[in-house]
Amino acid sequence: GGIITQTPKFLIGQEGQKLTLKCQQNFNHDTMYWYRQDSGKGLRLIYYSITENDLQKGDLSEGYDASREKKSSFSLTVTSAQKNEMAVFLCASSIWGGAETLYFGSGTRLTVL
Amino acid sequence: GDSVTQTEGLVTLTEGLPVMLNCTYQTAYSTFLFWYVQHLNEAPKLLLKSSTDNKRTEHQGFHATLHKSSSSFHLQKSSAQLSDSALYYCALSDLGGSGNKLIFGTGTLLSVKP
């Protein structure tokens, strides 16, 4: 079996700060995802990537950048942290996407002061 | 566009009673429907999935049947256990439109009391 590791588990930043969240997977999966989890709003897709150096915007990409420099890693940058985006950010991977199962990490909880 | 609707934000049950969590969806394409479960402080994980119309899918005591005529994929269990308390997400993957993306509902928090 494999694992998805998200770092850090807790991230505290100041309003306006640029913050980076990291995700590593050892499944050797092609597709990786970043979702934002807010209570009552479900999981909303920020970015996904179907292969190394590929980036696809999700419905919530504004205010975020992403980077997939290696197949095993996918990072997300909050370009200017705002208080209304305090949430849990979940990274996931799947073999190729579509109907395949998503495997999730345990999340990074972002707090903006 | 595609969407998934979970009408209950919170379902509170007494242990031993049946569970039914509602999920309806909208899409113009062929679909896979999923239920993911997230226990407290854990990662979401797949509970079950289906793309076959009118076929019951079962896993870990839960079951769901995809009904394309009513665009529904409700999650059921005959007898709730305390350990079933978790957040349940219904999700849709349309095989023609959004491609690799999974679209999630807003989630239903199931709380099972003794």
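Residues numbered from 1 in each chain as written. Chains lettered and ligands numbered in written order. Predicted model: local features only at pLDDT ≥ 70, side-chain atom pairs only at ≥ 80, totals over all residues. Heavy atoms only, no water.

A. Expanded view of the interface of chain B and chain A. Contact residues are listed per partner, giving 20 residues for chain B and 22 residues for chain A. Summing both partners gives a buried area of about 1,600 Å² for chain B against chain A, and 55% of it is carried by carbon and sulfur. Summed over the shared surface of chain B and chain A, the number is zero salt bridges. Linking chain B with chain A are five residue pairs in polar contact (both at pLDDT 80 or more), by the criterion used here. Within the residue set of the side of chain B that touches chain A, elements represented by two or more residues are strand S5 (31–38), strand S6 (45–50) and strand S10 (86–94) of chain B. The element contributing the most residues to the side of chain B that touches chain A is S5 of chain B, with four residues. By residue class, the composition of the side of chain B that touches chain A is 11 nonpolar, seven polar and two charged. (Contact = heavy atoms within 4.5 Å. Buried area = accessible area lost by both parts, 1.4 Å probe. Salt bridge = Lys/Arg side-chain N within 4 Å of Asp/Glu carboxyl O. Polar contact = N/O pair within 3.5 Å; in protein donor to acceptor, adjacent residues only side chain to side chain. Helix = DSSP H or I, 4+ residues; strand = E, 2+ residues; numbered from the N terminus. Nonpolar A, V, L, I, M, F, W, Y, C, P; charged D, E, K, R; others polar.)

B. Geometry of the sheet that holds strand S3 (residues 19–25) of chain A. Residue and element names in this part refer to chain A. Ordered in space as S1-S3-S8-S7, the four strands form an open sheet in which the pairing is antiparallel. Each end of this open sheet is capped by a strand with a single partner; those strands are strand S1 (4–7) and strand S7 (64–70). This sheet shows a mean twist of 15° between the axes of neighbouring strands, independent of strand direction. Bridge analysis of S3 against strand S8 (residues 73–78) gives four bridges, and the strand direction is antiparallel. Across the sheet, the residue bridging to Leu21 is Leu76, located in S8. (Pairing = 2+ DSSP bridges. Axes fitted to C-alpha atoms, helices over the stretch in contact; angles between N-to-C directions.)

C. Structural view of the state of the cysteines. On inspection of all chains with the given rule, the structure shows two disulfides over all chains. Disulfide partner of Cys23 of chain A: Cys91 of chain A, at an S-S distance of 1.9 Å. Taking the torsion about the sulfur-sulfur bond, which here is approximately -75°, the covalent link between Cys23 of chain A and Cys91 of chain A counts as left-handed. Residue Cys23 of chain A is found in strand S3, and its partner Cys91 of chain A is found in strand S9 (residues 87–94); the two are separated by 68 residues along the sequence. A relative accessible area of 2% means that Cys23 of chain A is categorised as buried. With its sulfur 1.9 Å from that of its partner, Cys23 of chain B forms a disulfide with Cys90 of chain B. Judged by the torsion about the S-S bond (-65°), the Cys23 of chain B/Cys90 of chain B disulfide is left-handed. Taken as a pair, Cys23 of chain B in the loop between strand S3 (19–21) and strand S4 (24–26) and Cys90 of chain B in strand S10 lie far apart in primary sequence, 67 residues in all. Taking relative accessible area as the criterion, Cys23 of chain B reaches 0% and is therefore assigned buried. (Disulfide = S-S within 2.5 Å. Buried < 20%, exposed > 50% of the residue type's maximum accessible area, 1.4 Å probe, protein only.)

D. Looking closely at the pattern of salt bridges. Applying the stated criterion across every chain yields a total of five salt bridges over all chains. Salt-bridge contacts for Glu58 of chain B lead to Arg56 of chain B; the nearest nitrogen and oxygen are separated by 3.0 Å. Owing to a relative accessible area of 54%, Glu58 of chain B belongs among the exposed residues under this scheme. A salt bridge links Asp84 of chain B to Lys77 of chain B; its shortest N-O distance comes to 2.7 Å. Classification of Asp84 of chain B as buried rests on a relative accessible area of 5%. What you see here is one network of salt bridges that share partners, running through Arg36, Asp38 and Arg44 of chain A.

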